[in-house]
Amino acid sequence: MRIDKDLHLALQQYFGFDTFRPLQREIITALLAGRDVLAVLPTGGGKSLCYQLPALLLPGLTLVVSPLVALMEDQVAGLTELGIPATCLHASLDFTLQSNRRRALLRGEYRLLYISPERLAAPYFRRFLAQLPLSLCVVDEAHCISEWGHRFRPEYLRIAEALAELPARPVVAAFTATATQQVQEDISARLALVSPAVFQGDSLRANLYWSVVPIYEEREKTAYLEQYLHDRPAESGIIYCATRKAVDELSRFLQNCGVAAAPYHAGLTAEQRQQAYEDFIYDRVRVIVATNAFGMGIDKPDVRFVLHYQLPGNIEAYCQEAGRAGRDGLPAECILLYAADDVRIREFLLAQCPDDPAATAGLTAITRYCRTAACLPQTLLHHFGVETPPCGNCARCLGQDPPTDVTPQARHVFRTVAEWPRSYGITTLIGILRGKLPESRSALRSLRYYGSRSHDSQKSLQREIHAYIAAGFLARTGTGRYPTLTLTAAGERALAGEENVYLPQSATGGSSQRKPPRENARRNSPEPTDPALFEALRTERLRLAQRQHVRPYMIFSNETLREMTQQLPQTLAEMSRIKGIGAYKLQHYGKQFLQIIQQHRRNST
């Protein structure tokens, strides 16, 4: 009972929350009871609080092993803004600063220490760590320890060895956002977790809207994207591409369209990447166009959309990247534009590292996700071994661009491909179906379905054939400018009457919903009660953040600012009841924001 009271007191005092998110209380209780933990929680699902709060209640120090310097720095800055003593050690710090922090650690001045797995592997640091009263060791982004994970990092393999050398092994907690059963078993074994309490949350948050938009011509992508951003002029988002070239081209296109966008990929200098990151965090640009180099450590809570312009490599990477949307708990969108040509790009990238069965399986799984007619979150969760009912709120559940049975006309197409004398491409196939080949090509003019689609335009047939490719019934093979068409196993089953063919209405000439309905978009742009007051509070937040060299959301989240516009607190006591305002933030920022609210009310009367 006492522990329960202490938990709620710390939750309110430091974090400004009255209730826990799903599984947080259970995870924290297990750690306080001395049990090792393996927790799979969604990105933005409150993983950090699961170890930051125990760090305040446990004696001694909590060590956090984190993969990126930027992630460490952001976590430490955020904890400092909460009044929690935390620090990090990494190679970018000068010798004097590192020495000062080590001495402060020996004096017991910090509750949390963030380091990289490389530093933990160093013998000199292990000797230093043995002098510290370590109660808890947290391994963040724990999927990096597994070769079956999508961001395998060999340095993680030495964590268990380092902990075993300590005078007393601390409790160990491993956290990740996405992990199949195989990856979970790998994490547990390689960290030598002792009878761990395993917590599996939904890897997808309920505030996210999921959609796969089929693309049949390249120009449809840019047209869709331009309209999408036009409809959301004030929203911040991330657009992922598969290649650096695509990032550069798309960011230039958006800039020419008047969108404040910046590119981010490993081919840019460190200074260019940092500038793009800072511009995004401080809202100087509203869109980042990036490869997967823009990944872990990105903690901007008000990202309203993550749009994949090209196919991601696997479902694990997709869930991690898409999960950066809506971390503030407000509605956000995860949109994947799916074109058959994108599969060829991924296959080309795979060819650069052959004999990688995990990568091949990953591409197969994400392609299957794009083609499914089932609930999209349900399909993603099934990949991780989690069975759930349909979500009721994704593009599939809402019936946007619903599938149509086109089996009879599809079999005409598939029969033609199966019967032609040798392999040809899309242009020849369209010519056969429309009956538009010269007399010199008599072998093709004699095919059974020659001219059977003479009433269809070349464009509509081209769209339909691309849809069969996207759905996995036809495949483009060969290299060069003129790839040929062949039937896949699914196409052969359809031809034999063993499988029906369904295509989205947008592929068959029917009316289609090419973007989420506007009522959904309005839900994704929650408006404050008083926009003018919200902007005044937001301006003050930015001023304070720039003065203190921290991220604006570390002062107050957008959700907290919105609640201020709704509650209009007139005293510090009233302000303390707003979600996200703990004792430390109330003391340091309460008066400034209270004055703005009071002045706004006077000006409005």
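Along each chain, numbering runs from 1 in the same order as the chain's sequence is written. Note on the predicted model: pLDDT of at least 70 is required for a residue's local features to be given, and 80 or more for side-chain atom pairs to be given and counted; whole-chain, interface and lining totals, by contrast, use all residues. Only hydrogens and water are set aside when side-chain values are computed; all heavy atoms of the structure are taken into account.

1. Some details on the pairing of strand 6 (residues 171-176)
Residue exposure (1.4 Å probe, protein chains only): buried if accessible area is under 20% of the type maximum, exposed if over 50%, otherwise partly exposed. Put simply, DSSP marks the helices as runs of H or I at least four residues long and the strands as runs of E at least two long, and each gets a number from the N terminus on. Counting buried positions over the six residues of strand 6 gives six, a clear majority of the element. With burial as the criterion, each face of strand 6 is covered, one bearing Val171, Ala173 and Phe175 and the other bearing Val172, Ala174 and Thr176. A strand pair is defined by DSSP finding two or more bridges across the two strands. Across four bridges, strand 1 (residues 37-40) lies against strand 6 in parallel orientation. Residue pairing in the sheet places Val40 in a bridge with Thr176 of strand 6.

2. Let's talk about the side chain of Thr488
On the secondary structure map, Thr488 appears in the loop between strand 16 (484-487) and helix 21 (489-495). We call two N or O atoms a polar contact when they sit within 3.5 Å, provided that within protein one can donate a hydrogen and the other can accept it, with sequence-adjacent residues counted only if both atoms are side-chain atoms. At a separation of 2.5 Å, a polar atom in the side chain of Thr488 contacts the main-chain carbonyl oxygen of Gly472.

3. Brief notes about the packing of aromatic side chains
When two rings of Phe, Tyr or Trp (its six-membered ring) have centres within 6.5 Å they constitute a pair, described as stacked for plane angles under 30 degrees, edge-to-face for angles over 60, and tilted for the intermediate range. Following the criterion strictly, the structure yields 13 aromatic pairs and no others. Members of the aromatic cluster, connected to one another through ring pairs, are Trp210, Tyr318 and Tyr369. The rule for a charge over a ring is simple: NZ of Lys or CZ of Arg within 6 Å of the ring centre, and within 35 degrees of the ring normal. Across the ring face of Tyr309, the terminal group of Lys221 is positioned such that the distance to the ring centre comes to 4.9 Å. The lysine or arginine in question, Lys300, covers the ring of Phe280, its NZ or CZ lying 5.4 Å from the ring centre.

4. What to know about helix 3 (residues 47-57)
Of all eleven residues in helix 3, nine are buried; the element is thus mostly enclosed. For helix 3, the set of buried residues is Lys47, Leu49, Cys50, Tyr51, Gln52, Leu53, Pro54, Ala55 and Leu56.

5. Things to note about the sheet that holds strand 7 (residues 197-200)
One open sheet holds the seven strands; their spatial order is 3-4-2-5-6-1-7, and the pairing between them is parallel. Edge positions in the sheet fall to strand 3 (86-88) and strand 7, since each has one partner strand and no second. Direction aside, neighbouring strands of the sheet carry axes that sit 15° apart on average. Sheet analysis places strand 2 (residues 61-65) next to strand 5 (residues 134-139), joined by five bridges and oriented parallel. Residue pairing in the sheet places Val64 in a bridge with Val138 of strand 5. Contacts are assigned to residue pairs that have any heavy atoms within 4.5 Å of one another. Each axis is a line fitted through C-alpha atoms, taken for helices only over the stretch in contact, and angles between the N-to-C directions span 0 to 180 degrees. The strands touched by helix 3 are strand 2, strand 4 (112-115), strand 5 and strand 6; relative to strand 4, the strand with the most contacts, the crossing angle is about 135°.

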